[in-house]
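A structural walkthrough
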Amino acid sequence: MIVVTTPTGSIGHQALEHVIRAGAPVRVVARDPSRLPAAVHEHAEVVKGATNDPAALAEALTGADTVLWVLPPDPRAASIHAHVVDFTLPLCDAIAAQGVRRVVAVSSLGRAVGRNAGQISAAFAMDHLVESTGVHYRSLGMPGFMENTLRQLGPIRDQGLFFGTLPADRKSPTVATRDIAAVAAGLLLDPDWTGQKSVAVPGPEDLSPDDMAGIMTEELGRPVAYRQIPGEALVASMTEHGTTRAWAQGLVDMSAAVDAGLYDAEPYPDRAATTPTTFRQWCREVLRPALA
């Protein structure tokens, strides 16, 4: 039995599709099962509840061999650390109580570096908590998602601009969620791996914001440019729209850590083989239809 958390999320739903196509027995945990596609209800067991609900997790993990764990974000969390603990400790208790053998979790690149990196540091704290149970564990190390660009559809469409806190020429890796989901599903469907280790899921190339703007310009057939904004301006804008200061500052700290070399600490071999979707392909197949 494979358990998939966040089955309506950007990674969870795609990994779930792989598992269903493989015909493996699967169970999902969903706060609102009505949001699940009919195919999921047809092929998967559904447990209603939040993934920080001990009762829901105990039910979902009963008889389970492997779990895909995705920590959901909460822009209204008063503390990033408390948010991580609130979700991860019930998972750890359920792993021990139900005898789960393997966990695959969405984390981040750069774990070996260890610096103040906002939500990325929180992901590493999650890794440590899960590993402390002794479960066989694979921590998926990834950079920023290409899908984060979708949050700026309005400015791209209306102003020909997208915004961020990284310098315009700072190259860093980026990955499509479809590739993360494929790697995760491969591990979920493999019953033979053991031990605890990180698995890099870095995307096929390093791009600067200016590189991304040039690719978007070519693929969308309209000018797109990047504008760097100060971290304090991003915090002010996000808090004005309901995000807590702690969560907004965490995103700024995360960007600063990336700029300082968080993702540069280790080599990532076979990048194109592991995560083949280029940003150009993603723009053509995802961004352009979303703007249309």
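Refer to the structure above for everything that follows.
Report follows, based on the coordinates. (Residues numbered from 1 in each chain as written. Predicted model: local features only at pLDDT ≥ 70, side-chain atom pairs only at ≥ 80, totals over all residues. Heavy atoms only, no water.)

Quick notes on the sheet that holds strand β1 (residues 2-4)
Whether parallel or antiparallel, the strands of a sheet pair through hydrogen bonds between backbone atoms. Selection rule: Each pair of strands is called paired provided DSSP finds at least two bridges between the two strands. The secondary structure listing takes helices from DSSP runs of H or I that are at least 4 residues long and strands from runs of E that are at least 2 residues long, numbered from the N terminus. Lines are fitted to the C-alpha atoms to define the axes, a helix being fitted only along its stretch in contact, and any angle between axes, read from their N-to-C directions, falls within 0 to 180 degrees.
In spatial order, the strands read β3-β2-β1-β4-β5-β6-β10; together these seven strands make up an open sheet with parallel pairing. Two strands bound the open sheet, and with one partner strand each, they are β3 (45-48) and β10 (196-200). Strand after strand, the sheet turns through a mean of 20 degrees between neighbouring axes, direction not considered. Relative to strand β6 (residues 136-141), strand β5 (residues 102-106) runs parallel, the two being bridged by five bridges. Within the sheet, the bridge partner assigned to A105 lies in β6 and is S139.

A few points about the nonpolar core
To be explicit about the condition: The set of buried Ala, Val, Leu, Ile, Met, Phe, Trp, Tyr and Cys residues whose side-chain atoms join them within 4.5 Å is what this entry labels a nonpolar core. Relative accessible area decides the class of each residue, using a 1.4 Å probe on protein chains only: under 20% of the type maximum gives buried, over 50% gives exposed, and in between gives partly exposed. Note on definitions: a residue-residue contact is assigned when non-hydrogen atoms from the two residues lie within 4.5 Å.
If you look at the biggest cluster of nonpolar residues, it comprises 29 residues, and the most contacted ones within it are L68, V104 and L140. Elements that contribute at least two residues to this core include exactly β1, α1 (12-21), β2 (26-30), β5 and α7 (177-188). Per element, the largest residue contribution to this core is six residues, and it comes from α7. In contact with L140, other than residues within four places in its own chain, are V104, A105, V106, S107, S108, I180, V183, A184, L187, V199 and V201.

A short note on the environment of L291
In this fold, L291 is placed in helix α12 (residues 279-291). With residues up to four places along the chain from it excluded, the contact list for L291 reads L153, I156, R157 and L220.

Some points on the pattern of salt bridges
Definition in use: Put simply, a salt bridge is a Lys or Arg side-chain nitrogen that is within 4 Å of an Asp or Glu carboxyl oxygen.
Following the criterion strictly, the structure yields 15 salt bridges and no others. Residue R101 is joined to D65 by a salt bridge in which the shortest nitrogen-to-oxygen separation is 3.7 Å. Taken together, the residues R101 in the loop between α4 (80-98) and β5 and D65 in the loop between α3 (54-61) and β4 (66-69) connect sequence positions 36 residues apart. Overall, R101 belongs to the partly exposed group, its relative accessible area being 40%. The class of D65 is partly exposed, set by a relative accessible area of 22%. Among the ionic pairs, E131 bridges to R111, the shortest N-O distance being 2.7 Å. Of this pair, E131 sits in helix α5 (residues 119-131) while R111 sits in the loop between β5 and α5, and the two are 20 residues apart along the sequence.

Re the pairing of β2
Within β2, five of the five residues are buried, leaving the element largely enclosed by the surrounding structure. Of the two faces of β2, the one carrying V26, V28 and A30 and the one carrying R27 and V29 are both buried. In this structure, β1 lies alongside β2, joined through three bridges in parallel fashion. Opposite V4, over in β2, you have V28 as the bridge partner.

Overview of the packing of aromatic side chains
In this description, a pair of aromatic rings is defined by centroid distance and the angle of the planes. Under the convention used in this document: Pairs were defined over the aromatic rings of Phe, Tyr and Trp, the Trp ring being its six-membered one, requiring ring centres within 6.5 Å. Orientation was assigned from the angle between planes: stacked under 30 degrees, edge-to-face over 60, tilted for the rest. Charges are assigned to positions over rings by a cutoff of 6 Å between ring centre and Lys NZ or Arg CZ, combined with an angular limit of 35 degrees from the ring normal.
All chains considered together, the criterion is met by two aromatic pairs. Taking 5.1 Å as the distance between ring centres and 55 degrees as the angle between the ring planes, the aromatic pair formed by F162 and Y226 counts as tilted. With a gap of 64 residues between them, F162 in strand β8 (residues 161-164) and Y226 in strand β12 (residues 225-228) connect regions that are remote in the sequence. On the basis of an interplanar angle of 20 degrees and a centroid distance of 5.8 Å, the ring pair of F279 and W282 is categorised as stacked. Taken together, the positions of F279 and W282, both in helix α12 and three residues apart, correspond to about one turn of that helix. Here F279 matches W282 in class, with each residue buried. When the ring centre of W193 is taken as reference, the NZ or CZ atom of R102 above it lies at 5.7 Å.

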